[in-house]
Every structure is written in C-alpha cells, then in structure tokens.
Amino acid sequence: MPSDRNNPKRGKASESTYSLMEFMRECPDDAACLDMLWRERYALDGHTAHCPKCARDRRFHRIASRPAYSCDSCGRSLYPLSGTIFHKSSTSLQLWFYAMYLMASTRCGISAKQLERELGVTYKTAWRMFNKIRNQLMADDSGPLRGDVEVDEASVDGKPRKKQGSHSQIAIGPSRRSEAAKLRERSRATVFAAVERGGRIKATVLESRRGPQLKKQVIEWVEPASMIFTDEWPAYNGLNRHFIDHSRINHSAGIYVQGDTHTNTVEGFFGNLKTGIRGNYKKVSHKWLQGYLNEFTWRYNHRNDGRAMFHLLIQRAAQV
Ligand SMILES: [Zn+2]
C-alpha cells in the first residue's frame, strides 16, 4: 500500500503524541499561532465571539495591522495576546509556540541551553521563555488529591552556594573534609511529594524535613476523606486525626511492603526525578528546583491525557 506523504504514520517507537510535522502544519507562521490562541480564548469556531460592546455573540474578523480581531458590527477589537505570557514579548509568537512544543514533546524535558540552540535566540531570552513556560503554564492548578495517597520527602542535590568554602573541592584532611560535608548538607534541598495511587501528584521544595511543615502541607493538598500512607518519620505523627486513616511502613526496620501499606509509588517518582536532574542538569540550584518540579509533575500528571501536551500548554496560556 502506498504511504500518504501528506499524512505520515507515526512509528510505534515514538514517545511523542504530536510530531514536528504536525506542529509545522498547525503552526506555519505567527498568524496561524495567533489564530489558535484566538480560538482557544474567544472564538471556538474561529469567527463567533462574545462582543462586550454589542453585549452578544457577533462575527469577528482578523485585523491586518494589529494582533487583534474586530467585531463585524461595531468594530470593537479583541486581543488574544493581552495578559498572556506572549504579550509585549519581542520574540515571535511562532518561536514561543515552538519552545512550548519542544518542552512538551520530549520525555524528560530539555534545558534552556538546548532551547537557545533550537530557537536561535540569546541564552537570556531562552532562559526567560523557559521559566515563563515552566512557572506559569506548567504550574499545578489541579484540585486536592484524594483516595489512597502516598506521602514522602527526599533530599535532592542542590548547587552549593558559592559564598563560603567554595574551594572545598581541593580540600585535604579531615577538618576540611567535614567542612565540605557541611556545605553539601546545606546544599541539599528537601523535596516533598504526595501522590494518588494511579493518579496525580503534587510536589514542592521545603526548607526542612523537620517541624510542622510536612503535616501542614499534607492537610492542604489532600482531601480529608483519603487514606494516607507514609513511612515512620516522626513529622508525620498525628496525620490520622485529619484523614480516614494513616498507615505507616517501618522502613528503618527493613520493611518496605506490608499488604497495601507501602510508599513505592512516591518513591518511584523520586527515583525518576533524581535521574532526570542528573541527566539534564548535574546539579540544580534551589531557586530553580521548584521550576523543575513544576515541569516534572506537570508531565507526570498529564501522562495519560488524550490531548497532546502541546495543546494543553496553549489551552493554559489562553486562560488569563
Ligand atoms: Zn460588537
């Protein structure tokens, strides 16, 4: 059977649900990208939108001189870019969309450096785009978790702060080594996560794994009618008073699974997170770790969505 060159079949091995060919066809230029936002934000069919001046649905047309659409009846303009992350940006809309496409379509994410090369923009511009997409379009906006929820915390290697002891790599001798160890300890960040078995995840960077913070965060993230699973870490004491029940696995006694009591789902997430950080960044500074977490959890939470992740980003960008 001859293959259809205009409608190529995706190979089974491909991870992506939306290929570069599809992107090029859907987003050939700025006007096409603007039209996608226009449909997402105001006019599902591309023409009919609610006109605030006429106070009813009207037919609109694209204005050539500005990134706007105008009411056929009264001339009132609507601006699909206003209030979005693309507004007032000197980078073309198609490049923004291409950046979103790249960030959504790779399995483990890409770095700002790769984005710089792919887009042909300066590193500063790439970095700014990268963080806007991560922190605004990929930030968690879903409701509380429910059902069987596993909770755990992990230390993630951060970048040592450069202030004091920045030459610890050439340190020799026990006293210097302990200084290096202290520095390493300070540079480790606590990542805290809660995950529904078979469902969504929430994760954040916390100052410390001690104190009341962990418990407060669980209560904020998880519906009371849920079952909580943690290890024996004392900071989780008393969670049973806030939820249906609280089941704990005694890791320090070498027990990892007891019936349905385990935290394997959330530990699996931490394993992937650390692999991802090692593969992409070597080390992540505390400041950017939350951004990385946003991206990582966003990918996890949308792993089974029918819609291509790229389209989810456009949808989110249009929610102003
Ligand atoms: Zn009107």
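Just so we're clear, the structure is a prediction, and the values are computed from it rather than from any experiment.

**Focus on the coordination of the zinc ion**
Tetrahedral metal sites with four donors have an ideal angle of 109.5 degrees; octahedral sites with six donors have ideal angles of 90 or 180 degrees.
Point 1. Protein-derived coordination of the zinc ion comes from C51 (SG), C54 (SG), C71 (SG) and C74 (SG), at a distance range of 2.3 Å.
Point 2. One can describe the donor arrangement at the zinc ion as tetrahedral, given that its 4 donor atoms subtend angles of 104 to 115 degrees at the metal.
Point 3. Every donor residue of the zinc ion comes from the same chain, spaced as C-x2-C-x16-C-x2-C.

**A short note on the sheet that holds strand 2 (residues 56–63)**
Point 1. Taken in spatial order, the 4 strands make up an open sheet running 1-2-3-4, and their pairing is antiparallel. Looking at strand neighbours, the two that pair on one side only are strand 1 (48–51) and strand 4 (77–78), the edges of this open sheet.
Point 2. As paired elements, strand 2 and strand 3 (residues 68–71) share 4 bridges and run antiparallel to each other. Residue H61 lies in a different strand from strand 3, and its bridge partner there is S70.
Point 3. Relative to the sheet, helix 2 (residues 30–41) contacts strand 1, strand 2, strand 3 and strand 4, its axis offset from that of strand 3 by approximately 55 degrees.

**Considerations on the nonpolar core**
Point 1. Within the largest apolar cluster, 48 residues are counted, with the highest numbers of intra-cluster contacts made by F86, F97, M100, L115, I133 and F310.
Point 2. Elements with a contribution of two residues or more to this core: helix 2, strand 1, strand 3, helix 3 (93–105), helix 4 (112–119), helix 5 (123–137) and helix 10 (309–318).
Point 3. Top contributing element to this core by residue count: helix 3, with 10 residues.
Point 4. In this structure, F97 is in contact with F23, C27, C33, M36, L37, F86, F310 and I314, ignoring residues within four places of it in sequence.
Point 5. Formed by 19 residues, the second largest nonpolar core is a distinct cluster that contains A193, I201, A203 and V284.

Criteria and thresholds
- Per chain, the residues get numbers from 1 upward, laid out in the order the sequence is written.
- The model is predicted, so local features are restricted to residues of pLDDT at least 70 and side-chain atom pairs to those at 80 or more, both for listing and for counting; the totals for chains, interfaces and linings are taken over all residues.
- To get the side-chain values, take all heavy atoms of the structure and skip hydrogens and water.
- Each metal's donors comprise the N, O and S atoms found within 2.8 Å of it (within 3.2 Å for Na, K or Ca). Water is not part of the atom list, so some coordination spheres may appear incomplete.
- Each label reflects the angles at the metal, where four donors whose angles all fall between 85 and 135 degrees are tetrahedral, four or six donors whose opposite pairs open beyond 155 degrees and whose other angles stay between 65 and 115 are square planar or octahedral respectively, and the rest are irregular.
- One requirement defines pairing of two strands: DSSP has to find at least two bridges between them.
- Elements are defined by DSSP. Helices are runs of H or I of four residues or more, strands are runs of E of two residues or more, and each kind is numbered from the N terminus.
- For this analysis, residues touch if any pair of their heavy atoms sits within 4.5 Å.
- All axes here are fitted lines through C-alpha atoms, helices being fitted over the stretch that makes contact, and every angle between N-to-C directions spans 0 to 180 degrees.
- Throughout this description, the term nonpolar core refers to a set of buried Ala, Val, Leu, Ile, Met, Phe, Trp, Tyr and Cys residues connected via side-chain atoms within 4.5 Å.
- Under the scheme applied here, a residue whose accessible area is under 20% of the maximum for its type counts as buried, over 50% as exposed, and between as partly exposed, the area being computed with a 1.4 Å probe on protein chains only.

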